[in-house]
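This is what each chain is made of:
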Amino acid sequence: MKALTWHGSHDVRVDTVPDPIIRDSDDIILQVTATAICGSDLHLYRGKVPGMKDGDILGHEFMGIVAEVGPSVTAIAKGDRVVVPFTISCGDCFFCGKELYSACENTNPSRGAILNKKEIRSGAGMFGYTHLYGGYAGGQAEYVRVPKANVGPLKLPAGLPDAKVLFLSDILPTGYQAVINAQVGQGSSIVIFGAGPVGLMAAACARLAGVETIYMVDEHQYRLDFAALTYGVVPINFADVDDPAEMIIEATDSRGVDAAIEAVGFEAKGSAIETVMTNLKLEGSSGKALRQCIAATRRGGTVSVPGVYAGFIHGFLFGDAFEKGLTFKMGQTHVQKFMPILLEHIERGELNPEVIISHQLKLSEAVAGYEMFDKADDQCRKVVLTPN
Ligand SMILES: NC(=O)c1ccc[n+]([C@@H]2O[C@H](COP(=O)([O-])OP(=O)(O)OC[C@H]3O[C@@H](n4cnc5c(N)ncnc54)[C@H](O)[C@@H]3O)[C@@H](O)[C@H]2O)c1
Ligand SMILES: [Zn+2]
Ligand SMILES: [Zn+2]
């Protein structure tokens, strides 16, 4: 079959690779009908995440038709159309029992990215996300093996096109969890750092929750313009405004917003020193966007972090967070928990995640898709790939 494979920094290729096979009795083989490129894939593409091997198949946002089922799969059957969460979870462990699916203790035989690990078990394995997270082959391919198929894949009703439901695999639940973690609702004010797909999904879910004012910060004016038009955000371009947090404080009676959502992650731009230190591995992550979140949030407010972080940040103003009495909530999304309710919102027309798609390409054109999304060329917001 054809699949998008990783060969090093900025080197991905569409290769012919062996077809996946059923290995465990609760596996399925999925024929992929649509798959997307995620901001998390860009961290891999840029060679910023350890644990990749030459030829690894990328992709953790995918859906398709069940082609084959293992003997103990009961939840779905051959021929079903399903969307698959990026977190692989067993459904039985201590954490799955609490619906903390991305903390599942039984699906990642590797160590994860945690530094001060001691004896704790690893969190959930993930598709196409390095050998630190289990080395599972990803779904930017014609076929993919899906383990734990009684727990993850969500059966889809007929009539909803792939584009409407594909983002249930990751970015829609991620935006939704970010808003729940932000502890906001009717009449609240928030700022979202990052106008990429995750920031845009967070804006959509914030509107659904009744949030009144949404500031959004990015340097790509076309992404901000789209968010202003689609979700009514107040755009702030950090290429023009040196200190967005200061501007937000001025606009909120010298208080700050109720919550900040950090949808950028460890490659945040804006601090040349931190970017150099992170590249030299002297710093785990760039703290620029996180510091802005702390500065822009009012006393007693919440900083919600869906953006991916790794290791340490020296310039983390913990004292300011303490003095303001902030709450922090973060982490990989518990996708399985939120998929059913989000599908209902899509069916009722309350969420239309497909509007953020800017490019629909063939899997054979995936390399160009990566280049474009990485450089934010051609007004790229989100790339969807179809294998056939
Ligand atoms: N928690 C989860 O489960 C989960 C799931 C999906 C994605 N993610 C993470 O969410 C983050 C965003 O993903 P995405 O797909 O939207 O990626 P993306 O790269 O398309 O978007 C990031 C945006 O942040 C902007 N940005 C860079 N520096 C900034 C700064 N200092 N201030 C404000 N904006 C800045 C960029 O211009 C870009 O538009 C990534 O770190 C990704 O790995 C996490
Ligand atoms: Zn993702
Ligand atoms: Zn589990």
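Residues numbered from 1 in each chain as written. Chains lettered and ligands numbered in written order. Predicted model: local features only at pLDDT ≥ 70, side-chain atom pairs only at ≥ 80, totals over all residues.

Trainee: Sorry, what's going on with the overall build of the chain here?
Mentor: Helix and strand counts for the chain come out as 12 helices and 18 strands. In terms of overall dimensions, the chain is globule-like: its C-alpha atoms have a radius of gyration of 20 Å, near the 21 Å expected for 388 residues. Summarising its shape, the C-alpha atoms of the chain cover approximately 60 × 45 × 45 Å along the three principal directions. Sorting the 388 residues of the chain into buried and exposed places 52% on the buried side. (Helix = DSSP H or I, 4+ residues; strand = E, 2+ residues; numbered from the N terminus. Rg over C-alpha atoms; globule rule 2.2 N^0.38 Å. Buried ≥ 20, exposed ≤ 12 C-beta atoms within 10 Å, placed from the backbone.)

Trainee: How do you make sense of the site of ligand 1 when you look at a structure like this?
Mentor: Around ligand 1, 34 residues are found, and the nearest of them are Gly39, Ser40, Gly194, Gly196 and Gly265. Only helix H1 (39–45), helix H4 (171–182), helix H5 (197–208), strand E12 (213–218) and helix H9 (288–296) provide two or more residues apiece to the shell around ligand 1. Broken down by element, the residue count for the shell around ligand 1 peaks at 4 residues, all from H1. Tallied by class, residues from the shell around ligand 1 come to 15 nonpolar, 13 polar and 6 charged. Residue assignment places the shell around ligand 1 across two domains, with domain 1 (2–169 + 334–351 + 358–386) and domain 2 (171–330) each supplying three or more. (Near = placed C-beta within 6 Å. Nonpolar A, V, L, I, M, F, W, Y, C, P; charged D, E, K, R; others polar. Domains from an automatic or database assignment.)

Trainee: Sorry if this is basic, but what is going on with the domain arrangement of the chain here?
Mentor: Often, the extent of an interface is quoted as the loss of accessible area upon association of its parts. Partitioning the chain into domains gives domain 1 (2–169 + 334–351 + 358–386) and domain 2 (171–330). Just the C-alpha atoms count here: the centres of domain 1 and domain 2 sit 25 Å apart. Between domain 1 and domain 2, the contact holds 21 residues from the first and 19 residues from the second. Elements that contribute at least two residues to the side of domain 1 that touches domain 2 include exactly H1 and helix H11 (335–347). At 5 residues, the largest contribution of residues to the side of domain 1 that touches domain 2 is made by H11. The class makeup of the residues in the side of domain 1 that touches domain 2 is 11 nonpolar, 6 polar and 4 charged. (Contact = placed C-beta atoms within 7 Å.)

Trainee: Whenever I open this one, the pairing of strand E11 (residues 189–193) confuses me. Can you help?
Mentor: Two faces make up the sheet, and in a regular strand the side chains alternate between them. Burial of E11 is extensive: 5 of the 5 residues sit out of reach of the surface. Residue alternation in E11 divides its side chains into two sets, Ser189, Val191 and Phe193 and Ile190 and Ile192, and both sets are buried. Pairing geometry for E11 and E12, over 5 bridges, is parallel. Each residue of the ladder has a partner; that of Val191, found in E12, is Tyr215. Tracing the backbone out of E11, into H5 and back to the parallel element E12 gives a crossover that is right-handed. Two strands pair when backbone bridges link them, and E11 and strand E14 (residues 257–262) are joined in this way by 4 bridges, in the parallel orientation. Its bridge partner being in E14, Ile190 is matched across the sheet by Ala259. (Pairing = 2+ DSSP bridges. Right-handed = clockwise from strand over helix to strand, strands pointing away.)

Trainee: Just checking my understanding: could you explain H5 for this structure?
Mentor: Along an α-helix, residues three or four positions apart point the same way, because every turn accommodates 3.6 residues. For H5, with 12 residues, the first-to-last C-alpha span of 17 Å sits near the 16 Å given by 1.5 Å per residue. Most of H5 is tucked away: 10 of the 12 residues are buried. Those residues of H5 not exposed but buried are Pro197, Val198, Gly199, Leu200, Met201, Ala202, Ala203, Ala204, Cys205 and Ala206. Structurally, H5 contributes buried residues whose contacts are with H1, H4, E11, E12, helix H6 (221–231) and E14. Note on H5: the residue one or two positions beyond its end, Gly210, has a positive phi of about 90°. (Expected span 1.5 Å × (residues − 1).)

Trainee: Before we go on, may I ask you to explain the sheet that holds strand E2 (residues 12–16) in this structure?
Mentor: The strands that make up a sheet pair up through hydrogen bonds in the backbone, lying either parallel or antiparallel. Spatial ordering of the open sheet is given by E2-E1-E4, a layout of 3 strands whose pairing is antiparallel. Bordering the open sheet on either side are E2 and strand E4 (56–57), each of which pairs with just one other strand.

Trainee: Quick question: what am I supposed to make of the sheet that holds E12 here?
Mentor: Across the sheet, 6 strands lie side by side as E13-E12-E11-E14-E15-E16; this open sheet has parallel pairing. Both outer strands of the open sheet, strand E13 (234–237) and strand E16 (327–330), are each paired with one neighbouring strand and no more. Pairs of neighbouring strands in the sheet enclose a mean axial angle of 20°, with direction left out of account. Here 4 bridges tie strand E15 (residues 297–305) to E16, and the two strands are oriented parallel to one another. Following the sheet pairing, Thr302 is matched in E16 by Thr327. Packed on one face of the sheet, H4 meets E11, E14, E15 and E16 and runs near 155° to E15. This element, H9, spans E11, E14 and E15 of the sheet and lies at about 170° to E14. (Axes fitted to C-alpha atoms, helices over the stretch in contact; angles between N-to-C directions.)

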